[in-house]
Structure formats: structure tokens, C-alpha cells
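Take a look at the letters that make up each chain.
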Amino acid sequence: MTPPAVEAAPARPLLAGRAAVVVVYTAAMCMNGLDSTIVNPALFTIAEDFGRPVSAANAVETAFLVGLAVGLPVAGWLGDRFGVKRVFLGSLAAFTLASALCAAAPGLGSLAAARAVQGVAGGLLTPVGMTLLFRAFAPHERAGLGRILIVPTALMPALGPPLGGLLTEHLSWHWLFLVNVPIGVAAVVTGLIGLRAEPEPPAGRFDTPGFLLATPGLGLLTYALGFGPAHGWSSPGVALSGAAGLLLLGLAVRHQLRAAEPLVDLRQLADRTFGTAAWLALLTSAGLMGALFVLPLLYQAALGASALDAGLSVFPEAIGLMAASQVVDRLLPRLGPRRLALPALLLAALVLAALGFAENPWAVRALMFAVGLVLGTAVLTVQIAGFADVPGPAMGRAMGLFTIVRTLGGALGIAATAALIGALNADGGSPGPYRLALLLTAVLVAAGTLLTTRLPREVAAP
């Protein structure tokens, strides 16, 4: 018979392990989520410092998105092959180092290159970190994860513009990246001490054809989406990148559906709940990232506001997102995913549409709070519901696929709104195109209501 002391021993490491997962995941994902939007208000300043046009500074953001697209397809396999803990902490260390290189960049080209490395590391961090978190908590416990999930996935992107404007205006744009360094170092050390290595499912053979098709395909398509609005969709670089990316992705999809051990298991999208959640994530991410992209530009380019004022224009959304985590924690177990997500998406679409016509600053702030509250509620509900039936061994690959879809949604939202602004804003000073772009984000979110009937009625049982 096993002595009682041996039986009780795992209790303390398990408790410490779950606490460490929450702390390290939150720190790492906050850095990653913040960096997706913190640079937006500083693009004008970065362009001026390097003596380049603002359109050229857009390469800084596009490089980050391309890096994300490159890292995402291999995240699931790497986690299964080398262990989630090892891949997560390695990616976090690389992200921290790349942040330091961004701050020290002597030119726009080196800054974009460092941002690309940061993006690749971030592309690995997101699905592997979510796998780490969701494995630590059973499906029936995940409704309470709203307070954790809302911080990196929605709160940090909302805080990015005001923080970016504040640091740029009162310190310098270099601090947009320097703030990551102490947080990243502390998170890596905490993870090395507190995270436990878990048994991983067999990784299988590496899908080399899938990697050679999906990775450059996602990267080229993201490049075209990022540069198309500024350089023109018919410009040779954008047109060729977009066409090649679509061709490679088409071949990748064909291969993934036929491969016995695909790099990205697209067959998971056939699952009713997970597939619905993934497509809803694409639409909500497109609406949220599009709105966060448009509003600071509306204030700066059309209304002449400073970088700080432009960033603060979206700050109330962050407060709304914090409130959304409380709403999901209380209402999801009572109403279920379907009855909570549908009205939340409808209200979010209405609020975004109203935001396009708002002129009073306080009305804009109130509407941004409402955007955070209702859209954050929908985003959290969909994410928690989508993984309720995903088994632990498949969690890593499912997280990788979900994150790819959500990231592409954000890139599509930014590209679509930027293209609309570029097509309608010939003189660069009229607010009309920016307001129409906000209406487009409302349409994207409203389209998601058609899918909510496929979500489950009840939360997962213990």
C-alpha cells in the first residue's frame, strides 16, 4: 500500500502549477496582445524619425502580422513534439529578445525585421499558451476563466492605442517595446520554476508538404492584406503576393484534408461547435481589430488629434471588456452559449454602427465602453463554448487552427477598413470614409449572428 505522504505529494505541485500557468500565461499573452495595437498611434512619429512616409511605416505592423502567420501553422506540432512548456517558454524568451531588438533598431528596415521575429514568436505563444491554460482547467471550470481570457485577447489590444500614444508623446516610441523586456524576463523565470512538463500526445511525422504550402501561403496573403491598402491592390508586389498566397493556401487545404497526419487538421472545422466558434472568431476579430484600427486614424488624420488623444478615444472599451468578464462568469452558466452570444453580437453591431455617426466626444467614449462590454461578452462566450468538447490530446492542434482563423480575421478586418478608407479618402482629411469603415465593422459583426444558432444551448457539464 502506498504511504499517505506519497499519495498527498502531488496536491501541492498541482496547485502551484495551476497558479503558475495563470500568472505566466497572463503575462505572456498581455505582451503579445498589447503589441498587436500599441504601435498604431506611433506610426506617424516612427515615420518622421526615420525620414520615411507614413505608408512605409506600415511595414512595421505588416511585418508583425506576417510573422504571426508564419509561426501559427507549426505551433500545434511543436507543442506535441517538444512539450508545451518548453515551446511556450522558448517562444516567450524569443519574443522578449525581439522586443529589445525593436527598441534598439537603427532604421525602419531593422525595426520591421525585429517585428517579424516578434510576430513569429507571438504566433507560437498564442495557441501554445491557450493549450497550457485549457489543459489546466476542466471544461466546466472554464466559464470562470473569463477574467483571465479577457485580459490578453481583448483588453490588451484595447489598451494598446492609449498606452502607445502616452509613451510616444511623453517618452519615445522605443518604450513601446522596452516595456516588454522586464515583464518577459520575469515571466520566463516564473515559468521555469512553476510550470510542470505534462505528457504530450504523439506528435507524429512532421508534415513537410503542409509546412511548405501553408506557412508561405499565410505569410504571402498576410503581406498582401497589409500592404494592399497603402500600395494599391494592383501593384506588382501586392498582386503577386496575394495570388501566390491564395494558390498556396488552396493547395495547402487540399493537402491537409487528404493527409493522414496533417500539420493543421482542418477536419476539426467539421465539428459543429468548434467549427462554429472558429468562424465566429474570424468575424468578431475582423470587427474588433478593424474598429481599433479605424478610430485612432479618424481622430488623427481627419480631426487633427494628438497620438495620446487618439489612443484615449478607445480607452473606455477596455473598461467595458473588464465588465464583460464578469457578465460571462455569471450569465454563461445560466443562459448557455447560444442565448448569450446572439444578443451580444446584435448589440455589438448596433453600437459599432452608432459609433460611425457619433460626433460628441463623450458619446464616443460611452459607445466604446458598450463595444467592449457586448463584443467582449460575445468573444469570451464563443471561445469557451468552442473548446468544451475538444479532448486534451487534440487541444494543441485545435488551438493552433483556432488562432490561425482568428488572426486571419483580424488581418482581413484591418485590410478591408484600410482599403475602404484609401478608396474613398482622396484628400486625406474627410471624416466620411472613416465613419463608413466603422459601419463595415458593424456589418462584419452582424454577420456572425447567423452562426450563433449552431452554438450549444447549455455549458459543458462536469
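Residues numbered from 1 in each chain as written. Predicted model: local features only at pLDDT ≥ 70, side-chain atom pairs only at ≥ 80, totals over all residues. Heavy atoms only, no water.

## Here we look at the overall build of the protein chain
Worth spelling out the cut-off: A run of H or I in DSSP counts as a helix once it spans at least four residues, and a run of E counts as a strand once it spans at least two, with each numbered from the N terminus. Only protein chains enter the accessibility calculation, which uses a 1.4 Å probe; a residue whose area is less than 20% of its type maximum is buried, one above 50% is exposed, and one in between is partly exposed. Contacts: residue pairs with any heavy atoms within 4.5 Å of one another. All accessibility values rest on the Shrake-Rupley procedure with a 1.4 Å probe; residue burial counts only the protein chains present in the view.
A count of helical and extended segments in the protein chain gives 17 helices and zero strands. Expressed as a percentage of its 462 residues, the buried residues of the protein chain come to 56%. Considering only contacts in the protein chain between residues 6 or more positions apart, those separated by 24 or more positions represent 83%. About 18,300 Å² of surface is accessible on the protein chain, with carbon and sulfur atoms providing 70% of the total.

## What to know about the environment of Val70
Note on placement: Val70 falls in helix H4 (residues 54-82). Residue classification places Val70 among the partly exposed residues on the basis of a relative accessible area of 28%. A C-alpha to C-alpha distance of 9.5 Å links Val70 and Ala121, two positions 51 residues apart in sequence. Apart from the residues lying within four places of it in its own chain, the contact partners of Val70 are Val120, Thr215 and Gly219.

## Description of the nonpolar core
Cut-off, in case you're wondering: Put simply, a nonpolar core is a bunch of buried Ala, Val, Leu, Ile, Met, Phe, Trp, Tyr and Cys residues held in one set by side-chain atoms that sit within 4.5 Å of each other.
In this structure, Phe88, Leu92, Leu195, Leu295, Leu375 and Phe387 are the most contacted members of the largest nonpolar core, which totals 97 residues. Val39, Ile46, Ala103 and Leu108 belong to the second-largest nonpolar core, a separate cluster that totals 19 residues.

## Concerning helix H5 (residues 84-103)
Stated precisely, the cut-off is as follows: Under the convention used throughout, the expected extent of a helix is 1.5 Å for every residue step, that is, one less than its residue count.
End to end, H5 covers 29 Å across 20 residues, agreeing with the expected 28 Å (1.5 Å per residue, within 8%). Turning to H5, its buried residues number three or more, namely Val84, Val87, Phe88, Leu89, Ser91, Leu92, Phe95, Thr96, Ala98, Ser99, Cys102 and Ala103.

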